[in-house]
Amino acid sequence: MITSDAIIWNAPNDPHPAREASQRSYSAVAKGDLAEWLTVYAEDALLEDPVGPSMFDEEGKGHRGHAGISAFWELAIAPIETFEFLITDSFANPGSNTCANIGSIKTSFADGSHTTTDLIMVYVINDDGRVASMKAFWEPNRTMASFTSA
């Protein structure tokens, strides 16, 4: 369920609970709505963005629960002026609780500078349709190499 013009979905879009959860997540991020974003995630969810050690997670253990996910938001999402999502492929096997999306995210800052992150995002949902795990596979150095000044 995409509710933002900042998301271009050029991928299969068959109804699937994990795919729909991923779309709700992107929509909330694009709108800058932390409260809405948290409703997508289970209370004990694990978010790894990116997977492994990074500037957002020095130990590479991910962000656990709503408190950890909220702290990630403040560090990685809140400073961004706008997000533009381009999803080019999506894999969600019927009967599974998982979806993997391939695409890129352009993040623009208030001064007009921006970066683009090419990535694969894997969502696993629980029985309630909320995200239990989200793993984003991307390389910070590649993203930083895409930095474009205003």
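This structure is a prediction, so every number in the text was calculated from the model and none was measured.

**Considerations on the overall build of the protein chain**
- When you go through the protein chain residue by residue, the secondary structure sums to four helices and seven strands.
- Ordered by position from N to C terminus, the α and β elements of the protein chain give β-α-α-β-β-α-β-β-β-β-α.
- The C-alpha atoms of the protein chain give a radius of gyration of 14 Å, which matches the 15 Å a tight globule of 150 residues would have.
- Summarising its shape, the C-alpha atoms of the protein chain cover approximately 45 × 35 × 25 Å along the three principal directions.
- A separation threshold of at least 6 residues defines the contact pool for the protein chain, and within that pool the share at least 24 residues apart is 52%.
- Per element, the accessible surface of the protein chain, about 7,600 Å² overall, is 53% carbon and sulfur.

**A word on the side chain of Thr143**
- Relative to the helices and strands, Thr143 is located in helix 4 (residues 140-145).
- The class for Thr143 is buried, based on a relative accessible area of 7%.
- Side chain to side chain, Thr143 and Thr117 meet in a polar contact 3.0 Å long.
- Among all residues touching Thr143, those that are not within four sequence positions of it are Thr115, Thr116, Thr117 and Trp138.

**Comments concerning the pattern of salt bridges**
- Summed over the entire model, instances satisfying the criterion amount to five salt bridges.
- Its salt-bridge partner being Glu36, residue Lys31 comes within 3.0 Å of it at the nearest N-O pair.
- Owing to a relative accessible area of 23%, Glu36 belongs among the partly exposed residues under this scheme.
- Put simply, Glu139 and Arg142 hold a salt bridge, and the shortest N to O gap is 3.9 Å.

**A few points about the UniProt feature "domain: SnoaL-like" (unreviewed entry) in the protein chain**
- Listed under "domain: SnoaL-like" (unreviewed entry) in the UniProt record, and renumbered for this structure, are residues 23-133.
- With 26% helix and 41% strand, residues 23-133 has its two end C-alpha atoms placed 15 Å apart.

**Things to note about the sheet that holds strand 7 (residues 131-137)**
- With mixed pairing, the seven strands of this open sheet are ordered in space as 1-4-5-6-7-2-3. Where the open sheet ends on each side, the last strands, each with one partner, are strand 1 (7-9) and strand 3 (63-64).
- Alignment of strand 1 against strand 4 (residues 82-91), held across three bridges, turns out to be parallel. Of the residues in strand 4, the one forming a bridge with Ile8 is Leu86.

Here is what the cut-offs are and how they apply
Residue indices begin from 1 for each chain and proceed along its sequence in written order. Local features are withheld for residues below a pLDDT of 70 in this predicted model, meaning they are given only at 70 or higher, and side-chain atom pairs are given and counted only at 80 or more; totals for whole chains, interfaces and linings count all residues. Just so you know, side-chain values use all the structure's heavy atoms and leave hydrogens and water out. Where helices and strands are cited, they refer to DSSP runs of H or I of at least four residues and of E of at least two residues respectively, numbered from the N terminus. Each radius of gyration reported is based on C-alpha atoms, and the globular scaling rule is 2.2 Å times the count of residues to the power 0.38. It only takes one pair of heavy atoms within 4.5 Å for two residues to be counted as in contact. Computed with the Shrake-Rupley method and a 1.4 Å probe, the accessible areas treat only the protein chains shown as cover for residues. For every residue, the accessible area obtained with a 1.4 Å probe (protein chains only) is divided by the maximum for its type, and the residue is called buried under 20%, exposed over 50%, and partly exposed between those limits. Under this definition, polar contacts are N or O atom pairs within 3.5 Å; protein pairs additionally need one hydrogen-donor-capable and one acceptor-capable atom, and for neighbouring residues in sequence, both atoms have to be side-chain atoms. The term salt bridge refers to a pairing of a side-chain nitrogen on Lys or Arg with a carboxyl oxygen on Asp or Glu at a separation within 4 Å. UniProt positions are given in the numbering used here, feature names are shortened, and annotations may be inferred rather than shown by experiment. Note on pairing: two strands pair once DSSP finds at least 2 bridges between them.

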